[in-house]
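# Survey of secondary and tertiary structure
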Amino acid sequence: MSDPGVQASLHKNAKTTIPRISNFIYSSRFKDVNLVGRLYPHSKNVELSHWALPGGEGAWQEWTFDQVITQDFTPTEIGKEFGPTWTTHWFKLTFEIPEEWKGKEVRIRWNSDSESTVWSHDGKVLQGLSTGDGAQRRGDYLLTSSYEGNKGKQVFYIEMAANKLFGGADGDNTNPPNPDKMFTLSKAEIAVMDKLVYKLTRDLEMLYQISEALEKDPLGHQAMYTANHMVNLIIKGDDSGASAVADTFWSKGNGERAHKIAAIGNCHIDSAWLWPYSETKRKAARSYSAQLKLMEDYPEHIFVASQAQQWAWVKEYYPELFERIKHKVAEGKFLPVGTTWTEMDGNIPSGESFIRQFVYGQKFYQKELGYTCKEFWLPDTFGYSAQIPALMQHVGLTRFLTQKMSWSMVNKFPHNNFTWEGIDGSSVLAHFPPGDSYNMFFNVDELLRTVKNMKDKGRVSTSAFLFGYGDGGGGPTQNMLERFRRLKDVDGLPKVNMVTPNEMFEQLETEQHNMCHWAGELYLELHNGTYTSQAAMKQLCRSAEFRLRDAEFVLAGAVATLGSAASSLLQTSLASLDPAWKKVLLNQFHDVLPGSSIGIVYPQAEALYREALEAADSVWDESIKALLGTYVSETGSEKAVEGEVLFNSLQWPRLEVIKVPGKDGKTEEEMLVEAPPFGFGVINSVEPTHKVTVEESDDMFILDNGLIKAKITKSGLVASLVVIGDERDIFRKEDGTQLYGNQMTIYDDEPLYWDAWDVMDYHLETPRVLNDKVDSTITPVTVVKDTGLVARLRYKIAISDDSSITQDIELTAESPYLTFHTSVSWYESHKILKTVMETNILTRNASYEIQFGILERPTHMNTSWDSARYEVCGHKWADLSEPDWGLAVLNDSKYGWMGRGNKLSLSLLRSPKAPDAECDMRDHTFKYALLPHLDTLQKAGVVQRGYEFNNALRIARVPEAQVKVRSLISVEGDGIVLHTVKPTDDASGDLLLRVFECHGCKSKARLNLEMMASGVFASNGMEDKDKAIPFTANSNHTHFDISLTPFAIRAYRISFLQE
Ligand SMILES: [Zn+2]
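One structure accompanies this document, and this report is about it. (Residues numbered from 1 in each chain as written. Predicted model: local features only at pLDDT ≥ 70, side-chain atom pairs only at ≥ 80, totals over all residues. Heavy atoms only, no water.)

## Things to note about empty space enclosed by the protein
Applying the stated criterion to the full structure yields ten cavities of 30 Å³ or more. A volume near 170 Å³ is recorded for the largest cavity. It is helix H14 (residues 535-562) that contributes the most residues to the lining of the largest cavity, four residues altogether. Of the volumes computed, that of the second largest cavity is approximately 100 Å³. By residue class, the composition of the lining of the second largest cavity is four nonpolar, six polar and three charged. (1 Å grid on protein atoms, 1.4 Å probe; cavity = no way out; pocket = protein on both sides within 12 Å on 5 of 7 lines; lining within 4 Å. Points joined across faces, edges and corners; volume = space filled by probe spheres on them. Helix = DSSP H or I, 4+ residues; strand = E, 2+ residues; numbered from the N terminus. Nonpolar A, V, L, I, M, F, W, Y, C, P; charged D, E, K, R; others polar.)

This is the structure we're talking about:
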């Protein structure tokens, strides 16, 4: 039954009644009779002048507001074009509100087909605007809701960015941007907005949506008749009657069992994607200021913003805005969310990087806002590592939110609410908003979809509903908040509350006992090409992670050894490592590291990585000098004479061939050297137990170092690989069938849509092995080095007229693996290059290194879930093993793998053309290695070899007197890796030691520190000092014992008496 006073249409045709409502609020064809024509009854163009900020992308950062407004603005008008892409244009708006508009609501209305920012005449950021084709996402600025009169001339400024919400592409957003795009100014006016017409429009809009979405339900018909009756009243001239009818409809509340929607305003701002970092800084200011403006009229509004980096940008570039936001943070209305520095990639960053994402984010929020995040909020990343629950627990987080799993191509994830268990058994509460989006507009169908999609019906009573324009930023609009006011408590719809993430998770936690469990990774069945696209991002990330680790370790050694004498080194080094880490963390953003940003992002990201590497190396250098003294090589100095030491930042002794500077100081020579664990060694040439030999026989090159033996064909295939003393061959079956390793294989790589993102399953049907035989495209293998320490072969492949591969296959004395130093000149289109090992190993699971652990994945395609995981992420190695024998493949910068059947392949390079038309079109160098082993991968030390392969011994110049063997730390016992040794961030002089159990067993170890500690404490990622741990210390030595459960991550804090 309709509400009293509502006359149902006695005509029987919903097919005319429903569109009638829609026409009445939306159609510009009937503006003379519908509400569209009445919304802005009066308007007036503003007086407009313009100044083009010189320079292109990012140039705005060089100018202050005060400088801008003193520039020479020249008159301009609507209809003119401004650009090109990424430039900045300032407009001065001068107007006087007509006195007859007294009492009316007055707005600035603007359309520059682009993003822009409204500034006050005295330099306050007032609000972002986003205009252009499609929805006018935010095209006006509320000057006053009731003009008081006599204001005289007013001046405002609009800063126009020559880009749209989604960048500067023509046509499809993911096309590379058009650098010459121009943007037309089509509106610049002040206007009266009729508040009652606006209200009636929103009322009718919601009734229309209910009538459409619930066409078969009584509620849908009630909404339809109510709206129809309203239209009739409005036509009669009874606007207030129509308004009252709507209010009655909205006042009928829903029942107590109605599903609860936890509405949270947000705007997902990609830190760089179809725009560069510099634009994101402005996007954050535009979005945040727009939310502050809305909060003036909508006190119930709660808005959350993720990524501390974006908050930090607002603080740096818009300090006045930041101060205003802080008040709203204190009121609990405008809140940080997610904890991390950026919303990073969920697969590729190392375990340490993940922890730093949390630490740098949380510390920023605590210091700047006095706020502590309690959740990990990562709505838009391309899959989630199985170690995330443990990494979260390590920094004290137990709540996780994403929606991206809804993008999987094949399998529907079975839960929206579950307990997620990682490889170490840690678990967290995971919530996926059932609406499968963070871009909700508060439409009726979105609310209904949220309830319908929710897979844990009867288990939980609440679902998150993330509303606001996102990806390019923006956030909630007035329309969305008006819709909320109408829909929050309507009989027949879910009950909607505006809440904080904290309130939502608190509610879910009361229901967690009802939730099912999911163990292991959250594999996204899409975007798996991002493990490979933009190879330099992966390579630089890996290098930076290791070099920062080295720097922190030596700094820690210097601080612990020298005590207060190192305090200024500690201060300056921490001050330099802090921005270095932040640059690395920023570049781990989920479109930068994965390789899915536009081209201009990448040179900037590379520069940030290089700055971080330089900072790390400089801290390393200064710390070694502090620890071991400085030398001067010039004659006449009273300081020490130059010597050289080996530096090893791994916890086991190493015997390796390295390159050392030759006696002439110009050339390099190879030398087998021995380095002690976690410390410094003497560069002495060690005689190998076995020399490496190379011989040619039967068209094969045989490399043998007494540990392993490999046969290489003239075209660079590995035809045989054995551990000496074992008869099994990785590449030859027992029945004599020949298999091959290092098949350089190229595949067609044309995704269905997301070019830089996706490698589709069907690419596997198009393999072309480039080096299966010697033909005209191959320059066959020759021996290029044979010194007894190093045996090196070289061959070359012409991939096409434009691209080629040169590969050095190398075995060194005492090395258990065969290394492939690879240079690729890569100028292909829609191809993927892999190296494929077809092995004689029978196993149902392959093992992959992930953050601080190992993940096993099936090698078969039994189920649709197994089948969909054809391209997966792994870090420094992957392994195919039978219980007592196997093959590991190591790499220095690659992340895309396939372990299927008896094959293990490593993806090397892709060549997508969007959104960066030049993606990876350059020369590349990288290396990988084949490590055949006996026993399990654990007993064979695959984890350790992966570390060594990525962390070469380094040489430091020190005074000659300091050239001796010394370890700063050693670890007794297998299975525990001391990954991180660093001074604590509080600059107290304490050290933080982070360990993990690397084998998936219960492991024990003794940590020996060659320094005298005064206290050892359990700690965590946040570097808190928890309970004391028993230890033994005397003179210059401290030790303590630890035991860890499988894949556990633990931290210990070491204190020293400061003299
Ligand atoms: Zn995103």
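## Description of the coordination of the zinc ion
Protein coordination at the zinc ion comes from His268 (NE2), Asp270 (OD), Asp380 (OD) and His590 (NE2), with a distance range of 1.9 to 2.1 Å. Donor residues for the zinc ion sit on one chain with the sequence pattern H-x1-D-x109-D-x209-H. A residue pair is termed long-range when its members are at least 10 positions apart, and His268 in the loop between strand E13 (260-266) and helix H6 (277-297) and His590 in the loop between helix H15 (567-587) and helix H16 (601-628) qualify at 322 residues. Since its relative accessible area comes to 2%, His268 is described here as buried. (Donors = N, O, S within 2.8 Å, 3.2 Å for Na, K, Ca; no water. Buried < 20%, exposed > 50% of the residue type's maximum accessible area, 1.4 Å probe, protein only.)

## Details of the packing of aromatic side chains
As enumerated under the stated definition, the model contains 53 aromatic pairs in all. Taken together, a centroid distance of 6.0 Å and an interplanar angle of 75° make the contact between Phe166 and Trp273 edge-to-face. With Phe166 in the loop between strand E10 (153-161) and strand E11 (183-184) and Trp273 in the loop between E13 and H6, this pair connects stretches of sequence that are 107 residues apart. Since its relative accessible area comes to 18%, Phe166 is described here as buried. When the ring of Tyr817 is compared with that of Phe949, the centres are 5.5 Å apart and the planes differ by 85°; the resulting orientation is edge-to-face. Remark: Phe949 occurs in helix H18 (residues 942-950) and Tyr817 occurs in the loop between strand E35 (804-812) and strand E36 (818-826); sequence separation between them is 132 residues. (Phe/Tyr/Trp six-rings, centres within 6.5 Å; stacked < 30°, edge-to-face > 60°.)

## What about the pattern of salt bridges?
On inspection of all chains with the given rule, the structure shows 66 salt bridges. One salt bridge connects Lys283 with Glu115, and the closest N-O pair in it is separated by 2.8 Å. A residue pair is termed long-range when its members are at least 10 positions apart, and Lys283 in helix H6 and Glu115 in strand E7 (residues 115-120) qualify at 168 residues. Note on accessibility: Lys283 and Glu115 belong to one class, buried. Put simply, Lys831 and Asp748 hold a salt bridge, and the shortest N to O gap is 3.5 Å. Linking Lys831 in strand E37 (residues 831-838) with Asp748 in strand E31 (residues 743-748), this pair joins segments that are 83 residues apart in sequence. Linked through salt bridges whose partners overlap, the residues forming this network are Glu115, Glu159, Glu279, Arg282, Lys283 and Arg286. (Salt bridge = Lys/Arg side-chain N within 4 Å of Asp/Glu carboxyl O.)

The values reported here are purely geometric and, on their own, carry no functional implication.
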